[in-house]
Amino acid sequence: MKEVKTEPIFKYALSKDARPKAAFSKIGIVGCGKVGRDIAILVSRRGIDVVFIELSEEKIKYAFEQISIDLDNMIDRWGMTTGEKRAILSRIHGTVRCIELSGCELVFEAVRSKSKKADVEHVESVFKKVEAHVDKDTIIATNATILGVSEIATVLQVPERAVSIHFLLSSPDSPVVEVTWGVKTSEEVKEKVHTLVKLLGKKLIPVFESPGGISARLVSPLINDACQMFLEGISTMDDIDNMMTRGLGLRQGPFAMADKIGLDKILLWLDGMYHEYGDLKYKSHILLKHKVRANELGRKTLKGFYEYDEHGHRLNKPKCC
Amino acid sequence: MNILVLNCGSSSIKYQLFDIKNKIVKAKGLVDKIGMQGASLTNSRNDGDKVILEGEIIDHQIGIEYVLGVLTSEEHGSINELAEINAVGHRVVHGAEKFNSSVLITNDVITQMENCVELAPLHNPPNLKGIYAMKQLLPEVPQCGVFDTAFHQTMPAHSYLYALPYSLYKKHGIRRYGFHGASHRYVSKRACEILGVNYNEQKIITCHLGNGASIAAIDKGKSVDTSMGLTPVEGLMMGTRVGDVDAGALTFIMGKEEISYNQLNTLVNKHSGVLGISGVSSDMREIGEAAKDGNDRAKLALDMYAYRVKKYIGSYSAVLGGADIIIFTGGIGENAVDIRENSLNNLEYMGVELNSELNKTVYSTETIISTDNSRVKVMVIPTNEELVIAQDTFDIVSSK
């Protein structure tokens, strides 16, 4: 029997020049906090390489540990196999060097601040830095919900490449993505983003540029009102949630939903929208503010409106629920 | 005439280059881990030359490009130029009710295949990727689609319908379609050739036992029932798929485990079957080793596996009014001696007498493993789905 040879594959390309480039083979993420990590998993799961930028090696190490925990939780809840976890991790690369964003077809900005004003400045600075290191046709996207993408795009030399892609990361199984085009976003970029969303197995819901889009703008006042009803003693949190789930068929009631999204995030949304629209319905409720000040942010801190164990299961759930 | 057969999976491409007139496989291979690190292409030529090519293979299009590159290469090639490929045959998993035989692929056919995607969201998209890639790379070469479901389109309504509201069948096409059609067709015909009997007069039960597994009841050359259903999850216990399970149990699990539809899908497709019961592996060889080492759950998995096969054989014997031939094929059917023995145990009442001593010696070779006196002939026939695809492609292209 002849010896089996091993050779590099590129020698056998039919024509290297004519080789079509995959629409999306590498995606960058700046900031690997919860949002960045969730996007990294979402993208890598679909076979696309991910490179994420963090400020230090410690933060990169921490991000990988957290991604590993998130994937283990998905395995525990039957959503993934260990083989898929290995494949996902093998496609994610962390670095402190922005230059490694070179070659990415799209870069997500996923850094967040405590206020809208700081956030705008932050995102603008990230957009500028990213543009300095990527190819001329790389799309630069923000996952921000309440920031206007046209405003942020003004700092770019090529504002046509900016877009806002809002994944509903608190519901990773959600089949839809809200996308906001900037005033100057080019048709080519729109087409590519349509392709990416399709590659990620989701449906694109286009939203005219408007802080809060559809989801945050509708859900935040609902949570605000639920807080008010609770404080007025109209009903308990459980029964308010029950009314909305069992009565109106929502998958989660406002309090359970708020815990899943994160109370700090909702507060940021409300403050941003109140600042933008000036409507009192967006004025953040005092109960929400208290919870955030006490660092009771929802499932991620194991306590928000309800309490949770480390697997995300609710504690002290009344039997009727 | 050279025919390239492609079987595109989610992250792999299996291929064979046939010289169909002489029934020779000139080269065959596997592109593995597409879109992942550690991707490779293994090509084996019929003269024993074998090469493993390593490097980035970002998608199916690139993978197929490399396949064509190695097939025409000076060092490891089997043909001099791409023009020597006369036709391409594709395995397509789901053809719904639209396709009851293999077809020449036209733009209209592609549109119809795209409409079948929602019935096989894991399998049909990679099959289509292969078709798109070949259309771009070899636009002048005819391409044919051979469907896993087509052979079972002869099932009567009382066999293919679920007892769900009839409106769901009319609205969404919810029914049993069956899979592994090319394999069931090939081994049943081949058995008749070997036995020298008329295919159109036999009652045959074919057991395709691979990582996915299905059994078919074939009456006078037509599939009349099969164990896989709307999707390849139904029927026998498989490597990681659950097979038959109470639908009520699934909604109960969703409530108890607080899991979503997607998580349930992964649970029944990837965490269940032999792997789920044994907790060891989905690979029967590893399960066999573990059982020998005294692992009770591995032994339980083997017992359950054989029991389910036996249950279906009994059931299809009832459907057919007895059986003339029972065939084992697929990686497990061709090699797992104990599974064959245990699933045929105590079937003497229906005329099955296994030659146990002979059975123990048969691995992936065409053999009659029943005794000479057995009324039912039991056979091991290695499957050859690629040959079926190549032959169908040849027949379609030749008749143009």
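Residues numbered from 1 in each chain as written. Chains lettered and ligands numbered in written order. Predicted model: local features only at pLDDT ≥ 70, side-chain atom pairs only at ≥ 80, totals over all residues. Heavy atoms only, no water.

Structural notes on the overall build of chain A
Of regular secondary structure, chain A possesses 11 helices and nine strands. The buried share among the 321 residues of chain A stands at 49%. Partitioning the contacts of chain A with sequence separation of at least 6, the portion at a separation of at least 24 is 66%. Split by element, the accessible area of chain A, about 16100 Å² in all, is 56% carbon and sulfur. Computed over 48 positive and 44 negative side-chain charges, the inter-centroid distance for chain A is 3 Å. (Helix = DSSP H or I, 4+ residues; strand = E, 2+ residues; numbered from the N terminus. Buried < 20%, exposed > 50% of the residue type's maximum accessible area, 1.4 Å probe, protein only. Contact = heavy atoms within 4.5 Å. Areas by Shrake-Rupley, 256 points an atom, 1.4 Å probe, with all protein chains shown as cover. Lys, Arg positive; Asp, Glu negative; His and termini not counted. Charge placed at Lys NZ, Arg CZ, Asp CG, Glu CD.)

Let's talk about the interface of chain A and chain B
Chain A puts 31 residues into the contact, and the matching count from chain B is 39 residues. On the chain A side of the contact with chain B, I9(A), Y12(A) and W78(A) bury the most area, a combined 26% of that side's loss. Along the contact surface separating chain A from chain B lie two salt bridges. The salt bridge involving K5(A) is made with E75(B); its shortest N-O contact spans 3.5 Å. Linking chain A to chain B there are 12 residue pairs in polar contact (both at pLDDT 80 or more). Of all the elements in the fold, those that place two or more residues in the side of chain A that touches chain B are β1 (5-8) and α3 (82-90) of chain A. (Buried area = accessible area lost by both parts, 1.4 Å probe. Salt bridge = Lys/Arg side-chain N within 4 Å of Asp/Glu carboxyl O. Polar contact = N/O pair within 3.5 Å; in protein donor to acceptor, adjacent residues only side chain to side chain.)

Things to note about the packing of aromatic side chains
Using the criterion set out here, one finds nine aromatic pairs over all chains in the structure. Between F52(A) and F64(A), the aromatic rings sit 5.4 Å apart at their centres with planes inclined by 50 degrees, giving tilted as the arrangement. Here F64(A) lies in helix α2 (residues 57-76) and F52(A) lies in strand β3 (residues 49-53), a separation of 12 residues in the sequence. Taken together, a centroid distance of 4.3 Å and an interplanar angle of 10 degrees make the contact between F99(B) and F147(B) stacked. With F99(B) in the loop between β6 (87-92) and β7 (103-104) and F147(B) in strand β8 (residues 143-147), this pair connects stretches of sequence that are 48 residues apart. Comparing F99(B) with F147(B), the two get one shared label, buried. Connected via pairs of aromatic rings, a cluster forms that spans F230(A), F255(A) and F305(A). Above the ring of Y160(B), the side-chain terminus of R175(B) is found at 3.6 Å from the ring centroid. A cation sits over an aromatic face here: R175(B) above Y177(B), 4.7 Å from the ring centre. (Phe/Tyr/Trp six-rings, centres within 6.5 Å; stacked < 30°, edge-to-face > 60°. Lys NZ or Arg CZ within 6 Å of the ring centre and 35° of its normal.)

Overview of the pattern of salt bridges
All names here are of chain B. On inspection of all chains with the given rule, the structure shows 25 salt bridges over all chains. Between D47 and R45 there is a salt bridge, and its shortest N-O distance comes to 3.1 Å. A salt bridge links E234 to R176, with the shortest nitrogen-to-oxygen separation between them at 3.2 Å. Note that E234 is positioned in the loop between β11 (222-226) and α7 (247-257) and R176 in the loop between α5 (166-172) and α6 (181-195), a separation of 58 residues in sequence.

Brief notes about the environment of E188(A)
Structurally, the position occupied by E188(A) is in helix α6 (residues 187-199). Overall, the relative accessible area of 51% leaves E188(A) in the exposed class.

Points about the confidence of the model for chain A
A residue-level look at chain A finds 93% of positions with pLDDT of 70 or above and a mean pLDDT of 88. When mean pLDDT is compared element by element in chain A, helix α11 (residues 286-293) of chain A scores highest at 96, while helix α4 (residues 116-133) of chain A scores lowest at 80. (pLDDT = per-residue confidence, 0-100.)

Here we look at the pairing of strand β7 (residues 162-167) of chain A
Residue and element names in this part refer to chain A. Across the six residues of β7, six count as buried, placing the element largely inside the fold. Where burial is concerned, the two faces of β7 agree: the one with A162, S164 and H166 and the one with V163, I165 and F167 are both buried. Of the strand pairs in this sheet, strand β6 (residues 139-142) and β7 are connected by three bridges, and their pairing is parallel. Along β7, the bridge assignment pairs T142 with S164. Both β7 and strand β8 (residues 176-181) contribute to a ladder of five bridges, which runs antiparallel. Note on β8: the bridge partner recorded for S164 is T180. (Pairing = 2+ DSSP bridges.)

Digging into the sheet that holds strand β14 (residues 377-380) of chain B
All names here are of chain B. Pairing within the open sheet is mixed, and its six strands lie in the order β11-β10-β9-β12-β14-β13. Only two strands of the sheet have a single partner each, and these edge strands are β11 and β13 (367-368). As paired elements, strand β9 (residues 203-209) and strand β10 (residues 213-219) share seven bridges and run antiparallel to each other. The partner of C207 across the bridge, within β10, is I215. In this fold α6 packs onto β9, β10, β11, β12 (325-329), β13 and β14, with an angle of close to 125 degrees to the strand it touches most, β12. (Axes fitted to C-alpha atoms, helices over the stretch in contact; angles between N-to-C directions.)

What about the state of the cysteines?
As used in these notes, a disulfide is a covalent bond between sulfur atoms, one from each of two cysteines. Within the structure shown, the criterion is met by zero disulfides over all chains. Left unpaired, C98(A) is separated from the closest cysteine sulfur, that of C104(A), by 11 Å. For the unlinked cysteine C144(B), the closest cysteine sulfur is that of C8(B), found at 15 Å. Using a relative accessible area of 0% as the deciding quantity, one classes C144(B) as buried. (Disulfide = S-S within 2.5 Å.)

Things to note about α6(B)
Residue and element names in this part refer to chain B. Helix length check: α6 (15 residues) gives 21 Å between terminal C-alpha atoms against 21 Å at 1.5 Å per residue, within 8%. Those residues of α6 that fall on the buried side of the exposure criterion are G181, A182, S183, H184, Y186, V187, S188, A191 and C192. Where α6 is buried, its residues touch β9, β10, β11, β12, β14 and α15 (385-398). Backbone geometry just downstream of α6 places G196 in the positive-phi region, at approximately 70 degrees. (Expected span 1.5 Å × (residues − 1).)

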